[in-house]
There are 4 protein chains.
Amino acid sequence: MNKQKRIEEYGIHIGKLPRGPLNKITDVAGVRVGHCTVRDDRHNTGVTVILPSEDNIFTNKLIAASYVHNGFGKTTGTVQIEELGTLETPIALTNTLNVGIVSDAVVEYMTELCAKDGVALRSVNPVVGECNDASLNAITDRAVRKEHVFEAIRSAGPEFEEGDIGAGTGTTCYGFKGGIGSASRTVELDGKTYTLGILVQSNYGSTADLTVCGKPLGEEILQKLREEECDRGSIMVILACDVPLTARQLKRIVRRCSVGIARLGSYIGHGSGEVFIGFSTANVIRSGDGDILSLSCIREEKIDRFFRAAGEATEEAILNSMICADEVRMPDGRAVHSLKEFL
Amino acid sequence: MNKQKRIEEYGIHIGKLPRGPLNKITDVAGVRVGHCTVRDDRHNTGVTVILPSEDNIFTNKLIAASYVHNGFGKTTGTVQIEELGTLETPIALTNTLNVGIVSDAVVEYMTELCAKDGVALRSVNPVVGECNDASLNAITDRAVRKEHVFEAIRSAGPEFEEGDIGAGTGTTCYGFKGGIGSASRTVELDGKTYTLGILVQSNYGSTADLTVCGKPLGEEILQKLREEECDRGSIMVILACDVPLTARQLKRIVRRCSVGIARLGSYIGHGSGEVFIGFSTANVIRSGDGDILSLSCIREEKIDRFFRAAGEATEEAILNSMICADEVRMPDGRAVHSLKEFL
Amino acid sequence: MNKQKRIEEYGIHIGKLPRGPLNKITDVAGVRVGHCTVRDDRHNTGVTVILPSEDNIFTNKLIAASYVHNGFGKTTGTVQIEELGTLETPIALTNTLNVGIVSDAVVEYMTELCAKDGVALRSVNPVVGECNDASLNAITDRAVRKEHVFEAIRSAGPEFEEGDIGAGTGTTCYGFKGGIGSASRTVELDGKTYTLGILVQSNYGSTADLTVCGKPLGEEILQKLREEECDRGSIMVILACDVPLTARQLKRIVRRCSVGIARLGSYIGHGSGEVFIGFSTANVIRSGDGDILSLSCIREEKIDRFFRAAGEATEEAILNSMICADEVRMPDGRAVHSLKEFL
Amino acid sequence: MNKQKRIEEYGIHIGKLPRGPLNKITDVAGVRVGHCTVRDDRHNTGVTVILPSEDNIFTNKLIAASYVHNGFGKTTGTVQIEELGTLETPIALTNTLNVGIVSDAVVEYMTELCAKDGVALRSVNPVVGECNDASLNAITDRAVRKEHVFEAIRSAGPEFEEGDIGAGTGTTCYGFKGGIGSASRTVELDGKTYTLGILVQSNYGSTADLTVCGKPLGEEILQKLREEECDRGSIMVILACDVPLTARQLKRIVRRCSVGIARLGSYIGHGSGEVFIGFSTANVIRSGDGDILSLSCIREEKIDRFFRAAGEATEEAILNSMICADEVRMPDGRAVHSLKEFL
């Protein structure tokens, strides 16, 4: 894995809060990310998985929440998250038409993992998000297969690449090459440091709208390029943190990811499915014999700093997804440029 | 207060779970209920208050949740309950057009209570529910005044009357006289007994639909009466319990109140605002210096018995609201019969 | 197809509204239903499809709405229905762990259908519901394959069987054999007759709670059987109608399906995913060149009769799903009885 | 009314779409705005009303939608808007603790208006929004009385002042004086021009976060001022338009107002109730004898330009609310500066 040059190294600093050591979602202890890329003459696509903890997450569920900012999307698993406030599988990201196959692969993975742990799984809620990469990928082929999902899980670790890789292989963002990006922030409470990390699969926005640190970068670039993409596609935002929260509090934090998107110039286009899913590693729900559980959560008045962290890290993660991606050619020969050509 | 004959004493037994000692919402320790009735030649209306605890609830907030089953209603306060999951005032019930005045009275009551406790209140979320009693009340007069609210609060206690009193003075239910009714259920968890209580303000339903313990009572009665009311009006359901819950869990329980309504034959009419509000006295949110709070809640798998309790107690509370009410005459001389004339 | 004896023929009449000619969801013109059953020594499962219209539904979208009554379920497609208020695929029902494969099959079916019609499909929102049939089916095998889905679609027509067939092959309801059931109601407006039909996949409820027309049938039967199932599983309710509605109005109607479930004695158990999905064939959204569309919808004050129709038809459809099913043996030899043995 | 210098005249241009002639919400035909200011040595507060049409809106209801971006607020009326998708009163804005009195005044106004039109009003859903102006106003006095509401209604017209007036008299925004602000945008569809207008009551944000056209203005100013306000308060956004929409479409547009807020640097603070309410004058729901109504709405693919309009106009309206306001002194003598001192 070569070190990739990230947005910060271009002198672009997003927000005010301190970053974690990797400035990635994997700064949250236990979180791992893996990719599997599917790239050939018909396809630019793949799968990215976020493993939320090192335990079997089905038997050690985490508090979770989701927020649908624009529901023109096919993400699966959010209905149960909303009802029960827990996550019980890894989260997988892929292309729009591959959600079924990837979701089936997550079921198979969990079935085998539970069998190994002596647990007879009968029901499980796979969480699979998606973006539409049809302009760079023969999407109706559903080229991502079960084996690609398993490979992404096997390869998962705290270090992972960004840009045009995994589920970000075929996505475009503000008319540039988009992809997978990540960032993190830390927050102090009662003298203890908590971490909040974001991973995005970016695939939305019109070139003319791209604004970086308040600068209308998209318009400047368009004067050179004379092409424009309209605002369609999607963005998936995955939020991880280690701060103790109820599902209600987590949902409040998760919806603030929208702030990072708005800051970059988007008007949340009609065709852009925007779905945010978050989990916290702080309270683990294990099966056991007591009927009453003890949870910890933050005092509501202290939640503002996590709102800020969610917005900042989302904004930076999107920029990382773009700046780490290389130029790609569409089937018709036109280039999807990398943002790094213009910074 | 004369002892009122309740539905159980007519040999009608609703559900399977045990009742609390009073079989009222006030079986939940600390909960008190008070009424103030406004009745003269133009008016049959009033106000009923539910005091959730003996502490100042603004500085000792309780976990709360609401569920809007049919939103053709003017209840105020649910937006903040949904966001923050807490209750910070008593809950008041009144007629539809009196919500503003009653809500202002709750603000005044809380301001004075907090001043007495040395707390400078700047913002507070009054929770006021309503039913439309216009067929028995000159509703545009807004006859419930601030003083009536204070009187209801002063009179609040664990014992309270049901039927055509307080906010139930002018309501009708399945074409009969409706009003305030209550019931409670107890549930065991880990060897401890928890209590769930319901109070309703009933004002909905068509006579022809009334079904009691599966018996189509309404149709039988109509053969004698030859009049019918269509399904309009509203029902407010207030749920109190002492079981530790998160706001998410409480919301799941609160929405099961709908089961009790459906059992009595209603199809949830268009014109019937049906709003349910619940609170639990188990976790108290006090101001303090720690940033991390400790909450307890039940294991999700144990929630079913509370679902059952919510449905059963709602069904019985509605029947109590009707059976405890006396016949009333409408301005045009027609009678709104009491259900007890027919049992 | 043998004629099956339905609940009405047992002298049990649900509700007051008139029925359509078949008393099935297919009384709504254009709606077709098909099954494919997977039954062998390890499996009792399958797939049922509802085809909403005879046109290509992707290019002739219908107004749709969904309502999640209890979100402990894995249904996919509701996020986009909620956002856009339209349906663009057939609806498929299957077992919980087969949602991924069936959803992928629906994508393939739509891709091919659109290709035939000269439409390059790039994105589509498959709607797949599920119940958990694990007590009668080796569910982790995901025995329903793509071919079964295509077979169900091919076999679809206005006539279809109920009971233990298709997606209902392995389900149980109130401890009896459940399955697929249907019913319909008609409503007059401005002198025109409209039809509302329901199809359920029933898989919920405890025997002790079963109540038929107000009679506590479950308890009576238990005295003979001495076994009880607790309330887990799920119910999927699909509603079709031909009345002009906005998505908001349709959602109001769809949520009234809950009334039918409550009437049969359920308290909406924690483990029972209850998801309702509805569509109307009255307004078709076609691509075209005008920017302004004309819709028709009912006057809100007239919606009550459709509320009643939704509740009644759901209640009867559930009873049909049970009464049309035959006894099945579990792997351990225990019988899942048919309700018809007891009526 | 003196002409006020607005943000555009400072050379600050927000967005890309054309403005209406007044660049105010009253560019939407029929919409009128009125203020009544309450200002004395204890009070800086008031009321602002938005009259949606020149007809009696109770008998000529408009399609409406609301979106709660952060529910730490006391706005009343949104529950019924969500259920029925219509508006039936003017919208009033005031201070947090005055919602009850103002809501009662709206009921009285509508009762009298309907009486004049020969309509016996029995139920009405007053829509009242609020911000907390307690730092400049003795808020527990509830100084806004019924007469102030009637005065605001009487004074309503297409021309109205912005800044520290009416409901904006006591609010602060990003630590500066906030208040009432407005802006509008126009959009072409099928060769016809449609107008979307915004009115805000601004009362949120930390000085350090204020960003104008991407420039971190707040931080620069703080270097001179050395004081900071944290992010509490609220913002109410009222959206009017004349484009034909269903309530679902309108809700999608209304939620895009959040984009304008994020652009100005806010992270949607915990204590900031952010509630958006919109209506369209295009489809009027009148009582009548037909059961089937005809509505028009836009093709969903054309909605993006209205998303953009909502975001842009909200951003500009907030800046207008600040730039039109004058410096005010707090009771302790500290100044709440006007933004215009710094531009």
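A quick note: this is a predicted structure, and the numbers were derived from the prediction, not measured. (Residues numbered from 1 in each chain as written. Chains lettered and ligands numbered in written order. Predicted model: local features only at pLDDT ≥ 70, side-chain atom pairs only at ≥ 80, totals over all residues. Heavy atoms only, no water.)

A. Representation of the overall build of chain A. What chain A contains, in helices and strands, is 7 helices and 15 strands. Its C-alpha atoms give chain A a radius of gyration of 19 Å, within 12% of the compact-globule value 20 Å for 343 residues. Along the first, second and third principal axes, the C-alpha set of chain A runs to 65 × 45 × 35 Å. Residue burial in chain A is summarised as follows: out of 343 residues, 71% are buried. (Helix = DSSP H or I, 4+ residues; strand = E, 2+ residues; numbered from the N terminus. Rg over C-alpha atoms; globule rule 2.2 N^0.38 Å. Buried < 20%, exposed > 50% of the residue type's maximum accessible area, 1.4 Å probe, protein only.)

B. Local environment of the relation of the copies chain A and chain D. When chain A is fitted to chain D, the residual RMSD is 0.0 Å, and the transformation amounts to a turn of 180 degrees plus an axial shift of 0.0 Å. Within this description, the copies of the chain are treated as partners about a two-fold rotation axis. Taking the C-alpha atom as reference, chain A places Gly214 of chain A closest to the rotation axis, 1.5 Å from it. In this assembly, 100% of the residues forming the interface of chain A have copies in chain D that are likewise at the interface, indicating an isologous arrangement. (Least-squares fit on C-alpha atoms with pLDDT ≥ 70 in both. Contact = heavy atoms within 4.5 Å.)

C. The arrangement of the sheet that holds strand β5 (residues 91-95) of chain A in detail. Residues and elements named next belong to chain A. Taken in spatial order, the 4 strands of this open sheet run β1-β2-β5-β6, and their pairing is mixed. With one partner strand each, in any of the chains shown, β1 (32-39) and β6 (127-131) form the two edges of the open sheet. For this sheet the average axis-to-axis angle between neighbouring strands, irrespective of direction, equals 15 degrees. Bridging between β5 and β6 involves 5 bridges; their strand directions are parallel. Bridge pairing in β6 links Thr94 to Glu130. (Pairing = 2+ DSSP bridges. Axes fitted to C-alpha atoms, helices over the stretch in contact; angles between N-to-C directions.)

D. Fine view of the sheet that holds strand β1 (residues 32-39) of chain C. All names here are of chain C. Ordered in space as β1-β2-β5-β6, the 4 strands form an open sheet in which the pairing is mixed. The open sheet has two free edges, formed respectively by β1 and β6 (127-131), since each of these has just one partner strand. Neighbouring strand axes in the sheet, compared pairwise and without regard to direction, differ in orientation by 15 degrees on average.

E. Seen up close, the interface of chain A and chain D. Contacts between the two partners involve 32 residues from chain A and, on the opposite side, 32 residues from chain D. The contact between chain A and chain D buries some 2,600 Å² in all, and 42% of this surface belongs to carbon and sulfur atoms. Ranking the residues of chain A by area buried against chain D places Arg263, Tyr267 and His270 of chain A at the top, with a combined share of 30%. The tally of links from chain A across to chain D stands at 6 salt bridges. Arg308 of chain D serves as the salt-bridge partner of Asp209 of chain A, at 2.7 Å between the closest nitrogen and oxygen. Linking chain A with chain D are 31 residue pairs in polar contact (both at pLDDT 80 or more). Elements represented by at least two residues in the side of chain A that touches chain D include exactly β3 (60-70), α5 (247-255), α6 (257-263) and α7 (304-323) of chain A. The dominant element in the side of chain A that touches chain D, judged by the number of residues it contributes, is α7 of chain A, at 5 residues. (Buried area = accessible area lost by both parts, 1.4 Å probe. Salt bridge = Lys/Arg side-chain N within 4 Å of Asp/Glu carboxyl O. Polar contact = N/O pair within 3.5 Å; in protein donor to acceptor, adjacent residues only side chain to side chain.)

F. Examining the pattern of salt bridges more closely. Per the counting criterion, the structure on display carries 96 salt bridges over all chains. Lys16 of chain C serves as the salt-bridge partner of Glu219 of chain B, at 3.2 Å between the closest nitrogen and oxygen. Taken together, the residues Glu219 of chain B in helix α4 (residues 217-225) and Lys16 of chain C in the segment before β1 connect one chain to another. The exposure class assigned to Lys16 of chain C is partly exposed, which follows from its relative accessible area of 42%. A network of salt bridges, in which partner residues are shared, links Glu8, Arg19, Arg185, Glu312 and Glu316 of chain A.

G. Inspection of the confidence of the model for chain A at higher detail. Mean pLDDT over chain A stands at 95; residues scoring 70 or higher make up 97%. The ipTM value of the predicted complex is 0.96, and its pTM value is 0.97. (pLDDT = per-residue confidence, 0-100.)

H. Spotlight on empty space enclosed by the protein. All told, the structure shown has 10 cavities of 30 Å³ or more when counted by the stated rule. Estimates place the volume of the second largest cavity at around 120 Å³. Every residue lining the second largest cavity is counted, 16 residues in all, and those nearest its centre are Val99 and Gly100 of chain A together with Thr76, Ser103 and Pro126 of chain C. Of all the elements in the fold, those that place two or more residues in the lining of the second largest cavity are α2 (99-116) of chain A together with α2 (99-116) of chain C. Among the elements that line the lining of the second largest cavity, the one with the most residues is α2 of chain C, at 4 residues. The residue makeup of the lining of the second largest cavity, split by class, is 6 nonpolar, 9 polar and 1 charged. (1 Å grid on protein atoms, 1.4 Å probe; cavity = no way out; pocket = protein on both sides within 12 Å on 5 of 7 lines; lining within 4 Å. Points joined across faces, edges and corners; volume = space filled by probe spheres on them. Nonpolar A, V, L, I, M, F, W, Y, C, P; charged D, E, K, R; others polar.)

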